[in-house]
Amino acid sequence: MMNTITTYQALIEEALKGKSYGSNPKELYAPIEYIMSLGGKRMRPVLVLLACDLFDGDIKKALHPSLAIELFHNFTLVHDDLMDKAPLRRNQHTVHEKWNSNIAILSGDAMMVRAYQELCLAETTLLPQLLEIFSDTAVKVCEGQQFDMNYEALPKVSIPQYVKMIELKTAVLLGGALKIGAVIGGAREEDARRLYDFGKHIGIAFQLQDDILDVYADAQKFGKQKGGDIIANKKTYLLLKAMEMAENNRYMKEELQQWIAAPEFDPKDKVEAVTNIYNFLNVKELARNEMKKHFDLAISCLKEIPVNEEKKKGLMVFAESLMVREV
Ligand code: IPE
Ligand code: IPE
Ligand code: MG
Ligand code: MG
Ligand code: MG
């Protein structure tokens with residue numbers, strides 16, 4: 001089954017290699033070539049193809065929409081890195097670092113338009129439906145990203161608010177990718193919805209793992225700046241749980257508050273100090289439990305879809321691989 005996933009990844013990689021986004025002015029297009037060629041796991045386009053195949057659809061018909069999703073995803077990364085002031089992505093300089101902020105904004109915009117053009121290459125009869133799913137998903141990602149930014153500055157964010165935020169910024173795109181694949185595969189509406197919910201829950205688990213990796217990843221493999229979330233006061237599950245648990249420990253509470261409120265600090269010191277608090281309170285374990293909860297919810301959504309269990313293996317393996325991912 002891993003086989004299917006790697007075959008699909010190769011198919012997507014091949015199709016992306018053959019694409020050109022434009023050439024003049026080069027400041028607009030070079031960053032697109034750059035970010036698209038840096039690799040990445042290509043998870044979301046794989047999901048489009050897996051979903052199409054689940055309903056015995058012709059995956060050739062899902063290829064353009066899968067590339068549209070990957071283009072859109074990469075666009076969100078370019079803007080996300082600018083918003084998060086991230087220096088590294090996929091082990092290389094981020095677009096705004098390598099060029100500048102205006103270039104990151106504009107080449108990102110162009111990528112989003114190219115994504116729509118790619119989607120429009122889908123079968124005409126399906127287009128209204130696909131455009132609706134795609135656009136709805138895209139605007140939800142914006143909502144999630146805005147909540148993410150708002151929460152940086154808020155002293156208190158609840159766990160349900162956090163889960164809703166990551167559902168919007170991250171999980172709906174996995175759900176949307178699956179739903180697009182399902183529609184192309186000819187799924188009944190209720191099954192497309194079940195698959196969307198499967199994607200929503202694996203997406204929530206995926207972002208929880210992303211938050212864990214931001215603190216605990218192997219720096220060699222990670223490819224992003226470690227501790228970026230701590231530096232930016234991102235209201236991750238780890239931080240929210242730590243704040244909650246520190247309520248019963250005055251010393252810990254004060255130290256955490258101090259780091260969050262510090263107007264100036266050495267990033268290394270802050271990351272180390274906050275990581276020590278996380279370790280002491282064992283919040284990583286709690287985040288893993290929350291991940292497991294959403295993994296189980298995802299699997300129960302997948303179970304409800306009335307297709308042969310054998311056919312679900314690809315998505316099952318995919319979901320399991322997310323639980324142990326290191327990058
Ligand atoms: C990163 O997504 C952005 C998040 C939603 C956490 P990925 O981890 O899928 O990034 P690539 O495409 O594989 O680099
Ligand atoms: C990413 O969340 C969400 C989107 C890109 C929409 P993060 O900000 O945690 O993603 P990384 O860690 O930079 O990849
Ligand atoms: Mg980021
Ligand atoms: Mg972000
Ligand atoms: Mg992250």
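Caption draft 1: Structural detail: helix α12 (residues 237-246). Burial analysis of α12 places 8 of its 10 residues in the buried class, the great majority of the element. When we look at burial in α12, the residues that qualify are Y237, L238, L239, L240, K241, A242, M243 and A246. Elements in contact with the buried residues of α12: α8 (159-184), α9 (189-216), α13 (250-261), α14 (267-281) and α15 (283-303).

Caption draft 2: Expanded view of the environment of E255. Relative to the elements of secondary structure, E255 occurs in helix α13. Along the chain, E255 and A273 lie 18 residues apart, while their C-alpha atoms are 8.7 Å from each other. Those residues in contact with E255, other than ones at most four positions away along the chain, are A273 and I277.

Caption draft 3: How the structure looks around the site of ligand 2. In the vicinity of ligand 2, the contacting residues are T76, L77, D80, D84, R89, V141, Q145, K169, T170, Q207, D210 and K224. Taking D80, its side chain carries an N or O atom lying 2.9 Å from an oxygen atom of ligand 2. Residue Q207 places a side-chain N or O atom 3.3 Å away from an oxygen atom belonging to ligand 2. Residue contributions to the shell around ligand 2 peak at 3 residues, all from helix α4 (residues 63-83). For the shell around ligand 2, a count of residues per class yields 2 nonpolar, 4 polar and 6 charged.

Caption draft 4: Quick look at the coordination of the magnesium ion (ligand 3). Every protein donor of the magnesium ion (ligand 3) is accounted for by D80 (OD) and D84 (OD), and the metal-donor separations fall at 2.1 Å. Separating the magnesium ion (ligand 3) and the magnesium ion (ligand 4) is a distance of 3.1 Å, and D80 donates to both of them.

Caption draft 5: Fine view of the coordination of the magnesium ion (ligand 4). The magnesium ion (ligand 4) binds to the protein through D80 (OD) and D84 (OD), with metal-donor distances spanning 2.1 to 2.2 Å. On the accessibility criterion, D80 (15% relative accessible area) is buried. Owing to a relative accessible area of 23%, D84 belongs among the partly exposed residues under this scheme.

Caption draft 6: Seen up close, the packing of α4 against α8. Running from N to C, α4 and α8 point in directions that differ by 170°, and their axes come no closer than 10 Å. If you check the angle between α4 and α8, you find them roughly antiparallel. For α4 against α8, the interelement crossing comes out right-handed. Mapping the contact onto sequence places P65, I69, F72 and H73 in α4 and L173, A177, I180 and I184 in α8. Considered class by class, the residues forming the contact of α4 with α8 number 7 nonpolar, 1 polar and no charged.

Caption draft 7: Spatial organisation of the pattern of salt bridges. Taken as a whole and assessed by the stated rule, the structure comprises 31 salt bridges. Measuring nitrogen to oxygen at the nearest pair gives 2.9 Å for the salt bridge that ties E70 to R42. Of this pair, E70 sits in helix α4 while R42 sits in the loop between α2 (26-37) and α3 (43-54), and the two are 28 residues apart along the sequence. Accessibility expressed as a relative area gives 1% for E70, which makes it buried. The shortest N-O distance in the salt bridge between R188 and E190 comes to 3.9 Å.

Caption draft 8: Spatial organisation of the environment of G108. With respect to the helices and strands, G108 occurs in helix α6 (residues 101-119). The exposure class of G108 is buried, given its relative accessible area of 0%. The spatial distance from the C-alpha of G108 to the C-alpha of V78 is 6.2 Å, given a sequence separation of 30 residues. With near-sequence residues (within four places) excluded, G108 lies in contact with F75, H79 and I103.

Caption draft 9: Up close: the site of ligand 1. As a matter of local geometry, ligand 1 sits amid G40, K41, R44, H73, L77, R89, R90, T170, F206, Q207, D210 and R325. At 2.8 Å, a side-chain N or O of R44 approaches an oxygen atom of ligand 1. Between an oxygen atom of ligand 1 and a side-chain N or O atom of H73, the distance comes to 2.8 Å. In the complex, the protein chains occlude 89% of the 400 Å² of accessible area that ligand 1 would expose alone. The set of elements that each furnish at least two residues to the shell around ligand 1 consists of α4 and α9. Ranked by residue count, the leading element in the shell around ligand 1 is α9, at 3 residues. Looking at the shell around ligand 1, its residues break down into 2 nonpolar, 4 polar and 6 charged.

Caption draft 10: Quick peek at the nonpolar core. Counting residues in each nonpolar core, the largest one holds 106 residues, and the members touching the most others are L195, F198, L256, Y278, L315 and F318. With 15 residues, the top contributor of residues to this core is α8.

About the criteria used
- Residues numbered from 1 in each chain as written.
- Chains lettered and ligands numbered in written order.
- Predicted model: local features only at pLDDT ≥ 70, side-chain atom pairs only at ≥ 80, totals over all residues.
- Heavy atoms only, no water.
- Buried < 20%, exposed > 50% of the residue type's maximum accessible area, 1.4 Å probe, protein only.
- Helix = DSSP H or I, 4+ residues; strand = E, 2+ residues; numbered from the N terminus.
- Contact = heavy atoms within 4.5 Å.
- Near = heavy atom within 4 Å.
- Polar contact = N/O pair within 3.5 Å; in protein donor to acceptor, adjacent residues only side chain to side chain.
- Nonpolar A, V, L, I, M, F, W, Y, C, P; charged D, E, K, R; others polar.
- Donors = N, O, S within 2.8 Å, 3.2 Å for Na, K, Ca; no water.
- Axes fitted to C-alpha atoms, helices over the stretch in contact; angles between N-to-C directions.
- Parallel < 35°, antiparallel > 145°, perpendicular 65-115°, else oblique.
- Left-handed = near helix turned anticlockwise from the far one by under 90°.
- Salt bridge = Lys/Arg side-chain N within 4 Å of Asp/Glu carboxyl O.
- Areas by Shrake-Rupley, 256 points an atom, 1.4 Å probe, with all protein chains shown as cover.
- Core = buried A, V, L, I, M, F, W, Y, C linked by side-chain atoms within 4.5 Å.

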